[in-house]
Amino acid sequence: MAQAGAQAELGAEEIEKDQYLVFKITSQEYAIQAARVQEISRVAATTNVPTAPPYIEGILNLRGQLATVINFRKKFGFDPKEADEDTRIIIVEHGGFPIGVMVDSVEEVIRIPDDKVQKLPEAAATSVSREYVTGVGMLEDRLVVVLDADKILTKSEFAEAEAARRTSGGEEAEKTA
Amino acid sequence: MADEDKIDLSIFLNEYLSDAAVGFQKASDALLALEKDRGRVEKLDEVARVFHTLKSSSAMLGFDDIAGLAHCAEDILVKLKGNQISVSQGVIDILFETADTLERMVTERGEKVVSDWGARITELMEKIKTAGTAQSEAAAPVIIPAPPPIEKIETVRVHIGLLDELFNQVGELLIAKNRLDTILRGTGGKELREVLATIARTVNAIQENVTAARLVPVDEIFQKFPRMVRDLAREQRKEVDLIMEGREIELDKSVLDAISEPLMHLLRNAVGHGIESPTEREAQGKGKRGTLKLTTKRAENHILMDVEDDGRGIDLGRMRETAVMKGFIKPEEAELISDADVMKVLFSPGFSSVEYVTNLSGRGIGLNVVKIAARELGGTVDVVTQRGKGTRFSMMLPLTTAIVQTLLVEVGGHVFAIPSEIVLETMRIAASDIKEVADRRIFVRGTEVISFFLMNDILGMGGRHGKEHDVVIVHMGGKFIGLGVDGVVGQMDNIIKPFDPIAQEFKGFSGGTILGDGRVALLLDVAAMFGFETLRKERYSV
């Protein structure tokens, strides 16, 4: 355990700030800082949490640790898609725990220098709500949406989801604002 | 003897540090007793012994500054015993101060940082001199004691990290064993089953032993409390007697660690806001001195801890007003809701701003922290109060964390776990025996009326609504509720895994456990269901 921890630490040191992990949803490429990624896991059975918002895929047994898995498509309102052999769960460290983000596929790790990341133009329409977007990585022949990993994990629609569930929920539901 | 000098004495440092720590505790206890009753001069001997031992051992390791100060302190004790000076508060305070300084100096030696204590020592020595009538002598040469005889080693010091690791590994072993059971269920011959049974027995035995190795008496932490309460009380010009019962009871180290901060909160609150000033107490016909009682008891698989004061209690009327004002209780509910439910608001997050603190005799501070700590350990916290008479906080804690026996139940096609220790029994009752009374469902078991909750409804899941229900009767704090489930799957020893911050937001569950087939079963947050019964407005959280 201690050894693995030391390696992970070393790894984090080696991975530089401008290295990003690129993944795909539909045909669009997205990127998050590679330093935040713990590992990439193939799809495994998750346990459904009946009281969780719909975009929570479930709880994964990650070698004895519990990891909540967020379904990227559902969280950002894309059409649902059955998991296939390309589907991956990106494991990101958050508050000392692993959290999974389920994506269509993982492409590669690339370097996007800071000066290549442009602010999202005001008028631009994106499928992912702009508050999650750090900027747009302009590379030679591709355009990568750079995301803020922490926001994806922490900024939850819990409040809304909870409120919706409550009002449509059981007898004990309370309409608290 | 000449060879003695060549030995690297640093190997004795750990022993020196732990002996010194024990000594300081003894000295502190003795001084507290002496302070309470100045007639108990025999306590002076205990303090003197501590300083003497410290002087010798410090000199042996070459810590001359510590030895010198300890010698001075010993000196004053000799004079006290010889009635050359009398036991006054001033002298007791100096002794406390000296012991504290020595303790800090020793701690620094342990951390290998040595600062210059010269000025502090001179100051203290000066105080010691003026406290006495006779002049204090300069530090005398110190006698090095003969090395202790070599004894057979009966105990070894083990770092808690190693125990933690062992504990986790046992947990993994358990998961592997459960998995093996699942894979081999119904297959294999007699021989294989025998081997499996042996493995199971051994794993259980290892688990018990590792668990036992992590138990420490609560006094490890409690011993700090008398001094803390004394200092707090003096600071606020109050007079408080701290009575501690059950100090010898043992608890898992991690549980004890997790609970020490919340306990300190409760004690601080009791001294600061529960217990009145001596004049206020006298005006009310109470004794000048307040009593603060910290009781630890073992009950079945739980530890019960009470923090009780005989202070002013909580003003429930005011509490109710504030709870309404803050929006914790609806105005129309204010009159109907029971006192017990009003008190629950005390533990709500956000019910702790200074404004309310003053209104509510300060009972808001940190109480949410106490609840969270208890809950994270799978325990509960409760409070009862009587105006003018006092307040009692009661915590119920598990003996150990992590490995617990769980009852697995099925609801709406999912398997959920309930800690077995809170399960009284499982039974099957006819749907027609469940009656609707007002807004809740009940059934009768023997002579008792028990509230019934269909888990399928609570978790918003479909399920069978047949003629019969499997009911798990769970108990907590002397109350019972019945949980309707689709079926009981079985029992399993397992480790409870904590939730990540995202999963912590999910209502109805408090963690997870890994089943034999590697899948995760969620742990039902039964404690919250009880809250749910008494305080319906907040759904699952009390």
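Coordinates for the structure precede this section.
Further remarks concern the overall build of chain A. The helix and strand tally for chain A stands at four helices and twelve strands. Evaluated residue by residue, chain A yields a buried proportion of 44% over its 177 residues. Across chain A, the fraction of contacts at a sequence separation of at least 24, relative to all contacts at a separation of at least 6, is 54%. For chain A, the accessible surface area stands at approximately 9600 Å², while carbon and sulfur atoms represent 49% of it.

Residue and element names in this part refer to chain A. Taking strand neighbours across the sheet as the criterion, the six strands line up as S9-S1-S2-S12-S11-S10 in an open arrangement whose pairing is mixed. In the strand order of this sheet, the two ends are held by strand S9 (105-111) and strand S10 (117-118), each with one partner. By the bridge criterion, three bridges tie strand S2 (residues 28-33) to strand S12 (residues 143-147) in an arrangement that is parallel. Note that in S12 the partner of Ala31 across the bridge is Val146.

So, about the pattern of salt bridges. Residues and elements named next belong to chain B. According to the stated counting rule, one finds 41 salt bridges over all chains in the structure shown. A salt bridge links Lys36 to Asp241; its shortest N-O distance comes to 3.9 Å. Highlighted residues: Lys36 in helix H1 (residues 13-36) and Asp241 in strand S2 (residues 240-245), separated in sequence by 205 residues. With a relative accessible area of 56%, Lys36 lands in the exposed category. Between Glu74 and Lys55 there is a salt bridge, and its shortest N-O distance comes to 2.9 Å. With Glu74 in helix H3 (residues 64-81) and Lys55 in helix H2 (residues 42-60), this pair connects stretches of sequence that are 19 residues apart. Classification of Glu74 as buried rests on a relative accessible area of 14%. Its relative accessible area of 12% is what places Lys55 among the buried residues. By sharing partners, the salt bridges in this structure join Glu35, Asp93, Asp100, Arg227, Arg230, Asp231 and Arg234 into a single network.

Once that is clear, we can look at the packing of helix H4 (residues 89-110) of chain B against helix H9 (residues 225-235) of chain B. Residues and elements named next belong to chain B. Where H4 contacts H9, the axes come no closer than 14 Å and their chain directions differ by 130°. In terms of orientation, H4 and H9 fall into the oblique class. As H4 runs across H9, the sense of the crossing is left-handed. Here Gln89, Asp93, Phe96 and Asp100 of H4 lie close against H9, whose contacting residues are Arg227, Arg230 and Arg234. Considered class by class, the residues forming the contact of H4 with H9 number one nonpolar, one polar and five charged.

Ranked by size, the top nonpolar core spans 62 residues in total, and within it A:Phe72, A:Leu147 and B:Ile418 carry the most contacts. When residues no more than four places from it in sequence are discounted, the contact partners of A:Phe72 are A:Phe23, A:Ile25, A:Tyr30, A:Phe78, A:Val101, A:Met102, A:Val103, A:Val128, A:Leu147 and A:Ile152. Judged by nonpolar contacts, the second largest core, of 49 residues, contains B:Phe225, B:Leu294, B:Ile329 and B:Val381.

A word on the environment of B:Met343. Residue and element names in this part refer to chain B. Here Met343 shows up in helix H14 (residues 339-344). On the accessibility criterion, Met343 (4% relative accessible area) is buried. Placed 39 residues apart in sequence, Met343 and Asp382 show a C-alpha to C-alpha distance of 8.6 Å.

All names here are of chain B. Where H2 meets H3, the axes come as close as 8 Å, and the angle between the chain directions of the two elements is 155°. With respect to each other, H2 and H3 are oriented roughly antiparallel. Relative to H3, the crossing made by H2 is left-handed. Of the residues in H3, those in contact with Leu44, Asp45, Val47, Ala48, Phe51, His52, Leu54, Lys55, Ser58 and Ala59 of H2 are Ile66, Ala67, Ala70, His71, Ala73, Glu74, Leu77, Leu80 and Lys81. Its residues assigned to classes, the contact of H2 with H3 shows twelve nonpolar, three polar and four charged.

Conventions adopted
Residues numbered from 1 in each chain as written. Chains lettered and ligands numbered in written order. Predicted model: local features only at pLDDT ≥ 70, side-chain atom pairs only at ≥ 80, totals over all residues. Heavy atoms only, no water. Helix = DSSP H or I, 4+ residues; strand = E, 2+ residues; numbered from the N terminus. Buried < 20%, exposed > 50% of the residue type's maximum accessible area, 1.4 Å probe, protein only. Contact = heavy atoms within 4.5 Å. Areas by Shrake-Rupley, 256 points an atom, 1.4 Å probe, with all protein chains shown as cover. Pairing = 2+ DSSP bridges. Salt bridge = Lys/Arg side-chain N within 4 Å of Asp/Glu carboxyl O. Axes fitted to C-alpha atoms, helices over the stretch in contact; angles between N-to-C directions. Parallel < 35°, antiparallel > 145°, perpendicular 65-115°, else oblique. Left-handed = near helix turned anticlockwise from the far one by under 90°. Nonpolar A, V, L, I, M, F, W, Y, C, P; charged D, E, K, R; others polar. Core = buried A, V, L, I, M, F, W, Y, C linked by side-chain atoms within 4.5 Å.

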